[in-house]
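Geometric and topological summary
What follows is the residue order along each chain.
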Number of protein chains: 4
Amino acid sequence: MTSASMKPQYGWRRTLYEIIFESDTLAGKVFDLILLVVILTSVAAVMLESVESIRARYGASLNVFDWVVTVLFTVEYVLRLLCVNRPLRYATSFFGIIDLLAVIPLYLGLVFPAGRVLVDIRILRLLRLFRILKLTRYMGEADALKRALVASRRKITVFLVAVLSLVVILGTLMYVVEGPENGYTSIPVSIYWAIVTLTTVGFGDITPKTAVGQALASLAMITGYAIIAVPTGIVTAEISRTRTREDGPEPLLEPVGQARACPRCLKGGHTADARFCKHCGAALGPHRAH
Amino acid sequence: MTSASMKPQYGWRRTLYEIIFESDTLAGKVFDLILLVVILTSVAAVMLESVESIRARYGASLNVFDWVVTVLFTVEYVLRLLCVNRPLRYATSFFGIIDLLAVIPLYLGLVFPAGRVLVDIRILRLLRLFRILKLTRYMGEADALKRALVASRRKITVFLVAVLSLVVILGTLMYVVEGPENGYTSIPVSIYWAIVTLTTVGFGDITPKTAVGQALASLAMITGYAIIAVPTGIVTAEISRTRTREDGPEPLLEPVGQARACPRCLKGGHTADARFCKHCGAALGPHRAH
Amino acid sequence: MTSASMKPQYGWRRTLYEIIFESDTLAGKVFDLILLVVILTSVAAVMLESVESIRARYGASLNVFDWVVTVLFTVEYVLRLLCVNRPLRYATSFFGIIDLLAVIPLYLGLVFPAGRVLVDIRILRLLRLFRILKLTRYMGEADALKRALVASRRKITVFLVAVLSLVVILGTLMYVVEGPENGYTSIPVSIYWAIVTLTTVGFGDITPKTAVGQALASLAMITGYAIIAVPTGIVTAEISRTRTREDGPEPLLEPVGQARACPRCLKGGHTADARFCKHCGAALGPHRAH
Amino acid sequence: MTSASMKPQYGWRRTLYEIIFESDTLAGKVFDLILLVVILTSVAAVMLESVESIRARYGASLNVFDWVVTVLFTVEYVLRLLCVNRPLRYATSFFGIIDLLAVIPLYLGLVFPAGRVLVDIRILRLLRLFRILKLTRYMGEADALKRALVASRRKITVFLVAVLSLVVILGTLMYVVEGPENGYTSIPVSIYWAIVTLTTVGFGDITPKTAVGQALASLAMITGYAIIAVPTGIVTAEISRTRTREDGPEPLLEPVGQARACPRCLKGGHTADARFCKHCGAALGPHRAH
């Protein structure tokens, strides 16, 4: 959604838009800061509420606080709907849905006395943080990382397919070798074990007990280790490359074609500090800084 | 096996070949898609069948489904044999054997009422996926990864020999220090522990209990950590290098062959500062900046 | 704090300063060596004292040794205060506080018969090591590492925010899916589990038991693995870049400044193919091959 | 030890030296191959002997085999002593000591009816493998890896000191926070835990139980993860650099100073396929392949 089409041309709705959606004005910055604090405390509250002992003691207060946040977010949601030019488009955008999910659980809870699942959707309020982050200079860096990942997506896909095949075959092998009596109760469980092992997480909830199983696991770990070096390699190579292009070391020579040509012999290849043509000795014009 | 020698010149066998072995025609693409779906559901069925509770409930249906897949694959296998020029060469090729292994377990199961092992060979149907993948553009990427691994094979071999020696000696040391009473029941088991530790998997099924054992393990983990950085380094360096060659940053000089062509001999490959053709000595025109 | 303002101009205080704060004189080097040994043995003593069996047997001796070290460090602290030009500034500097924390626990222990906490502050004596290290040539290397980390700080921040969001959402999901009955007793505990898993530590104190939980964990581990390759990539790219600048491969062209000097203006920085000085336009002599 | 000074000038001792110490002759190659097989089977035997069930059943045969190997290695050791020019220098060299350690345990076992420790020294026979490997072309690769590690040694030292400090402080903190009742029985044990955690091994034999401990551990894991990316970065950068120098991509231009100079204008910078000077158009002499 482009800002242009969403932002009202004038009036209080434009002012409201600038406060709620942008952060160029003082009011907009203050709004963002308050939003940041409310989101973080609200998420913290959801997290703490899940702790048995805290719920027993502060359950009532947390509940009140949650309703306060819900009302605040509801007001904000309504204001957002009011001040954009195309409310439906906002409501169906990624952040529009997140904004709705941030308020709806408690209202739904009034209708259906639902269990844990419904209430815990509130944690998605965390994603609202990205709305604020989106406005910051960090997005450039995030973009660089995303570009590196996107540029490597094919290599990563190939790698994932290879790893998944390896994991399915290794899991099946271990299921056959170790069997249900050693914790490898089914092929899916064995595949879960294979993933836990090859990613070097190694919970240890299921471990090979037989000699053949341990030998196989050892082989898998060592081979796996070599294979698992690959994604790091891919991403690193990609970041290195992006990095070099963006803000790499000062080039020894100006890049070909961008350099000042000599006015007499028309040849280029002069370094940035050159005052005379290195080919014919003619004086060069002043160097434009870029 | 080159396509040329395997593909019939004309007739229904040629059409069949194009459908089954290739994916350039519409029929070939549809065939590949169906094959993909059958393979994936069949593998999923094998996996689910291994789960106790699912087997108890849907065992019969899964068995029927498995026979359907087996018959389908059998028909396909026979068709493949029929339409290639050299059936024996196909049958002994890597994919020929995989195709056979995909159908044989159930037939063998009729003869020998065998246990788990035989039936689970069916999981190798998964490898049939690579036949389909082989035809896609992802193979280029897979090749790049393979080249990076192959180019590093000697360094990796040296690394593996060093790691294996380390692991044998560390395992023996821990066996001596901790002994069978702390879970290090034999040298092979201790070596298994050393591999689990040095690859940072760390199951925790066997852990050092004595102070000396813990000190030794700490030393091994830290040293090991430094050592284990090596394969990542090797692979990354290799991928970086390949990457640079392929589509790296703009070279300081114009890439060979894209530069100005010689007006006399029409050959390229001149550097940016060349004034005369290096092939025939003719004067080159002035270099156009781009 | 610049040395200049802290170092006395003359007298015994200057001599003392040179011994205690610097390591250019023989006395200064001997002082540093003794300090190094005292710090290391003192830290070792604190560590050993925490071992039940050693405390039972050698508790008294260790206590005496600790008082000896404390008195030594106290004398040193007083001397440091005496010989610097601005004692208050030293006392409030990072190392000044560390120096105080190294001696204060035992004295405070006389007043308050405190528990473990107070006494274990003594381990911070270890940080005094960095005072000695600061004077060595290793600081250049440490600086290079620090620069690489600082240069990547924005990318690392973005990465950490992304990982933290992922970890909070994954933790909440697992709390909902697995629930308290499988060890995921609260959202914070589930987040702890998510961190343990995504960093590939994998203690195994909490593990998914349900099929959905294991599938989710598998997905998280594989996705997480790809994501976790990113910081390595960032740091590696940064170190590679620094490295290249410092002492990289031979450049295609002669490094600026080391090349042939102009016979007229004596300035360097000419590329290998230069025929005229780029600074003054004088003709350069032929290029000597090396 | 240089070959020159150790190798006899003539006679049967020279022949023996060529067989035992070198691998240029056929006899030398056969000797190496036999040695390789004997070492590997002997090490395998030591490993298998440590397995309770195998020792119970094949203990006698393994013992006989071990004596056969010991006698063979003894004969070999004596022959080595006989055929080198300076036996003492050989006996005190690294491989000389390994050769002795390979035979001595069983003889000592006759004198002292010693336990496990003595016998398991036999596993060091494995190191004899490197004597054979030393003669192969893989040493070049091993050297490249070693150079990369040596070149990074200062950065790695700084890194290790930083990690060790972190580990000591983290260990002490966890000891204070969790205490002996949660498995953190002493500071050394807590440091062991910190190493297990920061290297991402994560056995899970000791895990934080309190909320503060889990929060601290989470922080340590995430911070640690960023830090731990550093050695990989260091080694990768070093390997990349070595790689580039050794056998990097074909340079676009011949390296400065090695290129053919033009016989007329004396300028260089010609690519390998140039037949005419790009500066003045004169014919260049034929290019010498290197």
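Residues numbered from 1 in each chain as written. Chains lettered and ligands numbered in written order. Predicted model: local features only at pLDDT ≥ 70, side-chain atom pairs only at ≥ 80, totals over all residues. Heavy atoms only, no water.

In the annotation of an unreviewed UniProt entry, chain A is listed under the name Voltage-gated potassium channel and assigned to Gulbenkiania mobilis. UniProt's Subcellular location (unreviewed entry) comment on chain A is quoted here verbatim: "Membrane". (UniProt positions renumbered as here; feature names shortened; annotations may be inferred.)

Here's the deal with the overall build of chain A
A tally of regular secondary structure across chain A gives twelve helices and zero strands. Per-residue burial for chain A yields a buried fraction of 49% across its 290 residues. Accessible surface, chain A: about 13800 Å² in total, of which carbon and sulfur atoms supply 68%. (Helix = DSSP H or I, 4+ residues; strand = E, 2+ residues; numbered from the N terminus. Buried < 20%, exposed > 50% of the residue type's maximum accessible area, 1.4 Å probe, protein only. Areas by Shrake-Rupley, 256 points an atom, 1.4 Å probe, with all protein chains shown as cover.)

Brief notes about a nonpolar patch on the surface
Residue and element names in this part refer to chain A. A cluster of nonpolar side chains, Val71, Val75, Tyr107, Leu110, Val111 and Phe112, forms an exposed patch at the surface whose accessible area comes to about 580 Å². Listed by contribution, the elements that provide at least two residues to the nonpolar patch are α4 (52–83) and α6 (94–111). The element best represented in the nonpolar patch is α6, accounting for three residues. The residue Phe112 is located in the loop between α6 and α7 (116–120) in this model. The partly exposed category is assigned to Phe112, whose relative accessible area is 49%. (Patch = residues over 30% accessible without salt bridge, like charges linked within 9 Å, V, L, I, M, F, W, Y side chains within 5 Å. Salt bridge = Lys/Arg side-chain N within 4 Å of Asp/Glu carboxyl O.)

Things to note about unusual backbone geometry
Of note, Thr200(A) is a non-glycine position whose phi angle comes to about 60 degrees, a positive value. Checked against the element boundaries, Thr200(A) lands in the loop between α11 (187–198) and α12 (211–247).

Overview of the packing of aromatic side chains
For any pair of aromatic rings, the description consists of the separation of the ring centres together with the inter-plane angle of the planes. All names here are of chain D. What the rule picks out here adds up to 28 aromatic pairs over all chains. Each ring, one from Phe21 and one from Tyr90, has its centre 5.9 Å from the other, and the planes form 90 degrees; the classification is edge-to-face. Of the two residues, Phe21 is situated in the loop between α2 (11–20) and α3 (26–49) and Tyr90 in helix α5 (residues 87–91); the sequence distance between them amounts to 69 residues. With respect to class, Phe21 is no different from Tyr90; both count as buried. For the pair Tyr184 and Trp193, a centre-to-centre distance of 5.4 Å together with 70 degrees between the ring planes defines the contact as edge-to-face. Here Tyr184 matches Trp193 in class, with each residue buried. (Phe/Tyr/Trp six-rings, centres within 6.5 Å; stacked < 30°, edge-to-face > 60°.)

Some remarks on the confidence of the model for chain A
Across chain A, pLDDT averages 78, with 75% of residues at or above 70. Ignoring residues within four places in sequence, the model shows residues 245–260 of chain A, a span with pLDDT below 50, making 46 contacts including any to other chains. (pLDDT = per-residue confidence, 0-100. Contact = heavy atoms within 4.5 Å.)

Points about the packing of helix α10 (residues 153–178) of chain C against helix α11 (residues 187–198) of chain C
Residue and element names in this part refer to chain C. Across the interface, α10 lies against α11 with an axial gap of 8 Å and an inter-helix angle of 120 degrees. If you check the angle between α10 and α11, you find them oblique. For the pair α10 and α11, the crossing hand works out as right-handed. Contacts between α10 and α11 pair Leu166, Val167, Val168, Leu170, Gly171, Thr172, Met174 and Tyr175 from the former with Ile187, Ser190, Ile191, Trp193, Ala194, Ile195 and Leu198 from the latter. Taken together, the residues of the contact of α10 with α11 sort by class into twelve nonpolar, three polar and no charged. (Axes fitted to C-alpha atoms, helices over the stretch in contact; angles between N-to-C directions. Parallel < 35°, antiparallel > 145°, perpendicular 65-115°, else oblique. Left-handed = near helix turned anticlockwise from the far one by under 90°. Nonpolar A, V, L, I, M, F, W, Y, C, P; charged D, E, K, R; others polar.)

Structural notes on the pattern of salt bridges
For the coordinates displayed, the defined rule picks out 44 salt bridges over all chains. Put simply, Glu18(A) and Lys7(A) hold a salt bridge, and the shortest N to O gap is 3.6 Å. Here the residue Glu18(A) occupies a position in helix α2 (residues 11–20), and Lys7(A) occupies one in the loop between α1 (3–6) and α2, the gap between them amounting to eleven residues. Residue Lys7(A) is classed as buried on the basis of its relative accessible area of 18%. Taking the shortest distance from any N to any O, the salt bridge between Lys7(D) and Glu22(D) comes out at 3.3 Å. Here Glu22(D) lies in the loop between α2 and α3 and Lys7(D) lies in the loop between α1 (3–6) and α2, a separation of 15 residues in the sequence.

Notes on the nonpolar core
Counting residues in hydrophobic clusters, the biggest one holds 192 residues, and the most contacted among them are Trp193(A), Trp193(B), Trp193(C) and Trp193(D). Residue contributions to this core peak at eleven residues, all from helix α12 (residues 211–247) of chain C. Contact partners of Trp193(D), with chain neighbours within four places excluded, come to Phe203(C), Leu170(D), Met174(D), Tyr184(D), Ile206(D), Thr207(D), Pro208(D) and Ala217(D). (Core = buried A, V, L, I, M, F, W, Y, C linked by side-chain atoms within 4.5 Å.)

Focus: helix α10 (residues 153–178) of chain A
Taking 1.5 Å as the rise per residue, α10(A) with 26 residues should run 38 Å; its terminal C-alpha atoms sit 36 Å apart, in good agreement. One or two residues past the end of α10(A) sits Gly179(A), with phi positive at roughly 80 degrees. (Expected span 1.5 Å × (residues − 1).)

A short note on helix α6 (residues 94–111) of chain B
Residue and element names in this part refer to chain B. In a regular helix each residue adds 1.5 Å, so 18 residues correspond to 26 Å; α6 covers 26 Å between its end C-alpha atoms and thus fits that length. Ile104 marks the point of greatest bend in α6, at about 40 degrees, and the proline Pro105 comes within the next four residues. Within α6 the residues assigned to the buried category are Phe95, Gly96, Ile98, Asp99, Ala102, Val103, Pro105 and Leu106. (Bend = angle between axes of the 7 residues up to and from the residue.)

Side note on the UniProt feature "transmembrane region" (unreviewed entry) in chain A
Residues and elements named next belong to chain A. In the numbering adopted here, UniProt assigns the feature "transmembrane region" (unreviewed entry) to residues 30–48, 60–82, 94–119, 156–177 and 215–235. Along residues 30–48 one finds 100% helix and 0% strand; the C-alpha atoms at either end are 27 Å apart. Between the C-alpha atoms that bound residues 60–82 there is a distance of 33 Å. The span itself is 100% helix and 0% strand.

So, the side chain of Thr70(A)
By secondary structure assignment, the location of Thr70(A) is in helix α4. If we skip the residues at most four places from it in the chain, Thr70(A) touches Val103(A), Leu106(A), Tyr107(A) and Arg125(A).

So, the side chain of Asn182(D)
All names here are of chain D. One can find Asn182 in the loop between α10 (153–178) and α11 (187–198). Given a relative accessible area of 18%, Asn182 falls into the buried group. Polar side-chain contacts of Asn182 include one of 3.0 Å to the side chain of Glu178. Setting aside its immediate chain neighbours within four residues, Asn182 contacts Ile206, Thr207, Lys209 and Thr210. (Polar contact = N/O pair within 3.5 Å; in protein donor to acceptor, adjacent residues only side chain to side chain.)

Thoughts on the environment of Phe130(A)
Among the structural elements, Phe130(A) can be located in helix α8 (residues 129–133). Along the chain, Phe130(A) and Ser93(A) lie 37 residues apart, while their C-alpha atoms are 14 Å from each other. Non-local contacts of Phe130(A), meaning those with residues more than four positions away in its chain, are made with Phe95(A), Val161(C) and Ser165(C).

Observations regarding the environment of Leu72(A)
All names here are of chain A. By secondary structure assignment, the location of Leu72 is in helix α4. Residue Leu72 is classed as partly exposed on the basis of its relative accessible area of 45%. When the C-alpha atoms of Leu72 and Arg154 are compared, they prove to be 44 Å apart, with 82 residues separating the residues in sequence.

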